[in-house]
Amino acid sequence: MEFIEQLKLKASQNKKRIVLPEGLEERTLKAADTILGEGFSEIILIGNTDKVKAEATKLGLQNIGKATIVDPENHDKIDAYTDMMVEIRKKKGLTKEEAVKLIKNPLFLAVMMIKAGDADGEVAGADNATGDVLRPAFQYVKTAPGISVVSGAFIMILKDKEFGEDGMMVFADCAVHPDPTAEELAQIAVATGQTTRAIAGFEPKIAMLSFSTKGSAKHDMVDKVVKATELAKAQAPDMKIDGELQSDAAIIPAIGQKKAPDSEIAGQANVLVFPTLETGNIAYKLVQRMGHAEAIGPILQGMAAPINDLSRGCSVSDIVNLVAITANQAAGTV
Ligand SMILES: CC(C)(COP(=O)(O)OP(=O)(O)OC[C@H]1O[C@@H](n2cnc3c(N)ncnc32)[C@H](O)[C@@H]1OP(=O)(O)O)[C@@H](O)C(=O)NCCC(=O)NCCS
Ligand SMILES: CC(=O)OP(=O)(O)O
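Residues numbered from 1 in each chain as written. Chains lettered and ligands numbered in written order. Predicted model: local features only at pLDDT ≥ 70, side-chain atom pairs only at ≥ 80, totals over all residues. Heavy atoms only, no water.

1. With respect to the site of ligand 1
If you check the shell around ligand 1, you find 19 residues, and the closest are Arg89, Lys92, Val150, Ala175 and Val176. Between ligand 1 and Arg89, the relevant distance is 2.9 Å, taken from an oxygen atom to a side-chain nitrogen or oxygen of the residue. One of the backbone N or O atoms of Val176 is found 2.9 Å from a nitrogen atom in ligand 1. In isolation ligand 1 offers 920 Å² of accessible surface; the protein chains occlude 62% of this area. Of all the secondary-structure elements, those providing two or more residues to the shell around ligand 1 are α7 (130-141) and α12 (277-290). Among the elements that make up the shell around ligand 1, the one with the highest residue count is α7 (five residues). Across the shell around ligand 1, the residue classes tally to nine nonpolar, six polar and four charged. (Near = heavy atom within 4 Å. Polar contact = N/O pair within 3.5 Å; in protein donor to acceptor, adjacent residues only side chain to side chain. Areas by Shrake-Rupley, 256 points an atom, 1.4 Å probe, with all protein chains shown as cover. Helix = DSSP H or I, 4+ residues; strand = E, 2+ residues; numbered from the N terminus. Nonpolar A, V, L, I, M, F, W, Y, C, P; charged D, E, K, R; others polar.)

2. Focus on the site of ligand 2
Within the structure, ligand 2 sits among Thr130, Phe154, Asn281, Tyr284, Lys285, Pro298, Ser311 and Arg312. At 2.7 Å from an oxygen atom of ligand 2 is found a side-chain nitrogen or oxygen belonging to Lys285. In this structure, an oxygen atom belonging to ligand 2 sits 2.7 Å away from a side-chain N or O atom of Ser311. In isolation ligand 2 has 260 Å² of accessible area, and contact with the protein removes 87% of it. The leading source of residues in the shell around ligand 2 is α12, at three residues. Here the shell around ligand 2 is composed, by residue class, of three nonpolar, three polar and two charged.

3. Some remarks on the pairing of strand β2 (residues 42-46)
Taking burial as the measure, the five residues of β2 include four buried ones, the bulk of the element. Summarising the sheet, strand β1 (residues 17-20) and β2 pair through four bridges and their orientation is parallel. Each bridged residue has a counterpart across the sheet, and for Ile18 the counterpart in β2 is Ile43. Of the pairings in the sheet, the one linking β2 to strand β3 (residues 68-70) comprises three bridges and is parallel in character. Of the residues in β3, the one forming a bridge with Ile46 is Val70. Running through helix α3 (residues 49-58), the crossover from β2 to the neighbouring parallel element β3 is right-handed. (Buried < 20%, exposed > 50% of the residue type's maximum accessible area, 1.4 Å probe, protein only. Pairing = 2+ DSSP bridges. Right-handed = clockwise from strand over helix to strand, strands pointing away.)

Note that every value here comes from positions in space, so none of it alone points to a role or purpose.
Listed below in structure tokens is the structure:
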């Protein structure tokens, strides 16, 4: 976890304002307390001020007094934010009345704070399903230039150091886009390579996963991964990408050698790109739970601002770690 300590150090040198919309959620409050104690980021909690303070006292937290608390029911910028919402969504027919209702939802308030420059990044999802975290972000913050598909990567810290980069691997998409086309899968692969370089801090060796290795099975689903591999290689000629590979061929050298002897990725992969969200989400949770790995993320790839999601099964340290990543994204230091 040395890389997280380095990220915290970098974040503390240029502190950013990270908004946590689930300000009454116990793990979120405990994480906020830890972050404020360590001092690597400013924290904005959304929730009724009295309730947030009472909850913090009940939990015996010492540092919540250093957070800014924003009450969604009583906020002096609500008029400005709802005007912005109507402007952004006018083609979709959003009325001021609807915006006034939406802004009371902390997940909408958080993205509008970012849009208005009142917060630098967001972490949410300890209490809300991913779709509910993503929708406000997609609608108001939107994607980064040139990106049509957002995806979610996990940095996996494995117990077994023989895999990946001394036990560190990156998995995607595990969070966002249920059934990508070949073009979208290629975009996800390249984005995951960039996340790997910027945040995990190692050179990606990307395996495009399938149930087939180099033509061992014939199916439309295999063809999609073959095409995505070609497209991703063309889009990022400086990245090592290969497919289609089965997961054993991707990570076990002897099997990689047997099934794909000419591949420079087989048996060496440190980044796994899954063909669908179904496979990616199931795989990361099994590795996390049965393999006792740490799963940091999902780090959203391709948003126009640093907004990251959590699993509802996250721990306090998962939230702290994701805030450290988000704060660095906001500072432009990753
Ligand atoms: C991402 C998700 C929330 C989109 O929600 P949806 O209800 O299908 O919403 P829509 O298709 O109406 O899209 C809403 C907006 O998001 C945009 N959008 C949807 N998916 C997107 C993606 N992957 N990348 C970029 N933009 C996306 C749409 O273009 C649309 O924009 P618009 O309103 O400005 O036109 C949905 O695909 C989802 O629930 N994914 C699975 C999340 C999940 O449960 N993951 C497992 C746990 S981590
Ligand atoms: C990322 C993810 O799977 O989130 P959740 O567990 O909340 O559905």
